[in-house]
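Letter by letter, the chains look like this.
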Amino acid sequence: MQVGIDVGATKIESVVLEKDGQEKHRSRILCPKNYTQIITSIRDIHRQLEQEFKKELPIGVCHPGVHSPQTGLVKNAPNITWLEKKPFQNDLRKALGKEVFCENDANCFALSEAIDGAGKHYKIVYGIILGSGVGGGLVIDKKIVSGPNGVAGEWGHNQIPYFAAKKENFDSSNPREAEIESFLSGLGLAKRFNKLYGKNLKTNEIFELNRKHDLDAERFIDDFKVNLAMSLSSIINILDPDAFVFGGGVSNEIDFLHEIDSLVRKFVIGREYEGVFLKPKYGDASGVRGAARLGRSATY
């Protein structure tokens, strides 16, 4: 058995996973907005689980951002600012008095789906996270590829392809406005739609209008499909994954993966692609399940 912990902006979720993937425990609590209290909460959860199962349990933790290989401090965790620039993994090891495996939440999502989820039959699995932001995780042969700087898979911070960007009236002095995340994330979609049409809608409401054939929403979501396909084609042309697995709140709204499948072929080299576009087997639970797999799966 191994404990998996998922630290999010609002919750700390825990799971105890058997080697065969069977869940023996699952629970969640509200996430404190204080660094020291997060450490204490994880320590207490782990102690309670060891007492409950009457054995020592290895532990893996997933969270937004990554530990910088250079400094050991968390970086790129904008939605959990109280983790930013903190030695999270080292402090957890001290508090628990044992090895603690920490990894980015998108990487853990991809790992879970690659091991026994929707992507288990594929060699190169790319986890696509479309939520309030845009993230990604790369798994090859059931191992996370994080890279020497810990940022492998972070496609959302690449620039949107030119043919998408040229239609937009954005501030060219702010490069982040032209990032993929600004075009495909939940926050980015709502901001752009409301600016274009003078409305005040949430992302799920925009997708619902699209399903009801509202003309403005249909045009907007049609552009979203093309932007998504162009952005995915860049990943394909570089890495050639044989499976994409989609997670996150925006992905939950997508019921047109077959269209993305067709559109991608317009932009990839040779206009051929034999990979698949999949919904996750474990949904939002894949992050915490992947965390529980960390001690058993090496990373590059």
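Residues numbered from 1 in each chain as written. Predicted model: local features only at pLDDT ≥ 70, side-chain atom pairs only at ≥ 80, totals over all residues. Heavy atoms only, no water.

S.K.: In this structure, what is going on with the overall build of the protein? I would like to understand it.
M.R.: Helix and strand counts for the protein stand at 11 helices and 12 strands. Expressed along its principal axes, the backbone C-alpha trace of the protein runs to roughly 60 × 40 × 40 Å. Within the protein, the proportion of its 300 residues that are buried is 52%. Of the roughly 14100 Å² of accessible surface on the protein, a fraction of 51% belongs to carbon and sulfur atoms. If you average the places of the 40 positive and of the 39 negative side-chain charges in the protein, the two averages end up 3 Å apart. (Helix = DSSP H or I, 4+ residues; strand = E, 2+ residues; numbered from the N terminus. Buried < 20%, exposed > 50% of the residue type's maximum accessible area, 1.4 Å probe, protein only. Areas by Shrake-Rupley, 256 points an atom, 1.4 Å probe, with all protein chains shown as cover. Lys, Arg positive; Asp, Glu negative; His and termini not counted. Charge placed at Lys NZ, Arg CZ, Asp CG, Glu CD.)

S.K.: Can you walk me through the packing of helix 1 (residues 35–53) against helix 2 (residues 88–96) in this structure?
M.R.: Each pair of packed helices can be described by the angle between their axes along with the distance between the axes. It is the contact of helix 1 with helix 2, at a shortest axis distance of 10 Å, that shows an interaxial angle of 45 degrees. Considering the angle they form, helix 1 stands oblique to helix 2. Where helix 1 crosses over helix 2, the two elements pack in a sense that is right-handed. Two secondary-structure elements touch here, helix 1 through Tyr35, Ile38, Ile39, Ile42, Arg43, His46 and Arg47 and helix 2 through Phe88, Asp91, Leu92, Ala95 and Leu96. (Axes fitted to C-alpha atoms, helices over the stretch in contact; angles between N-to-C directions. Parallel < 35°, antiparallel > 145°, perpendicular 65-115°, else oblique. Left-handed = near helix turned anticlockwise from the far one by under 90°. Contact = heavy atoms within 4.5 Å.)

S.K.: Just checking my understanding: could you explain the sheet that holds strand 1 (residues 2–7) for this structure?
M.R.: Note on sheets: strands pair through backbone hydrogen bonds, and any given pair is parallel or antiparallel. One open sheet holds the five strands; their spatial order is 3-2-1-4-7, and the pairing between them is mixed. The open sheet terminates on both sides in strands that have one partner only, identified here as strand 3 (23–30) and strand 7 (101–104). Between one strand axis and the next, the sheet turns through 15 degrees on average, direction left out of account. Two elements, strand 2 (residues 11–17) and strand 3, share seven bridges in a ladder whose sense is antiparallel. Each residue of the ladder has a partner; that of Leu17, found in strand 3, is Glu23. Helix-sheet contacts for helix 1 involve strand 1, strand 2, strand 3 and strand 4 (59–63), and the interaxial angle to strand 2 is about 25 degrees. Sheet strands in contact with helix 11 (residues 286–293) are strand 1, strand 2, strand 3 and strand 4, and its direction is about 135 degrees off that of strand 1. (Pairing = 2+ DSSP bridges.)

S.K.: Even after reading the chapter, I still don't get the packing of aromatic side chains, so can you show me in this structure?
M.R.: For any pair of aromatic rings, the description rests on two quantities: the centre-to-centre distance and the angle between the ring planes. Under the defined criterion, the tally for this structure stands at 10 aromatic pairs. When the ring of Tyr126 is compared with that of Phe244, the centres are 5.8 Å apart and the planes differ by 45 degrees; the resulting orientation is tilted. Here Tyr126, found in strand 8 (residues 124–130), pairs with Phe244, found in strand 11 (residues 243–247); they are 118 residues apart in sequence, far enough to count as distant. With relative accessibility at 3%, the residue Tyr126 sits in the buried group. For the ring pair Phe246 and Phe277, a centre distance of 6.2 Å and an interplane angle of 40 degrees mean the geometry is tilted. One end of the pair, Phe246, is in strand 11; the other, Phe277, is in strand 12 (residues 276–278), and 31 residues separate them in sequence. Across the pair, exposure class does not vary: Phe246 and Phe277 are buried alike. Joined through ring pairs, the aromatic side chains of Tyr126, Phe244, Phe246, Tyr273 and Phe277 make up one cluster. The ring of Phe256 carries Lys225 above its face, with NZ or CZ at 4.7 Å from the centroid. One cation-aromatic arrangement involves Arg289 over Tyr282; the distance from NZ or CZ to the ring centre is 3.8 Å. (Phe/Tyr/Trp six-rings, centres within 6.5 Å; stacked < 30°, edge-to-face > 60°. Lys NZ or Arg CZ within 6 Å of the ring centre and 35° of its normal.)

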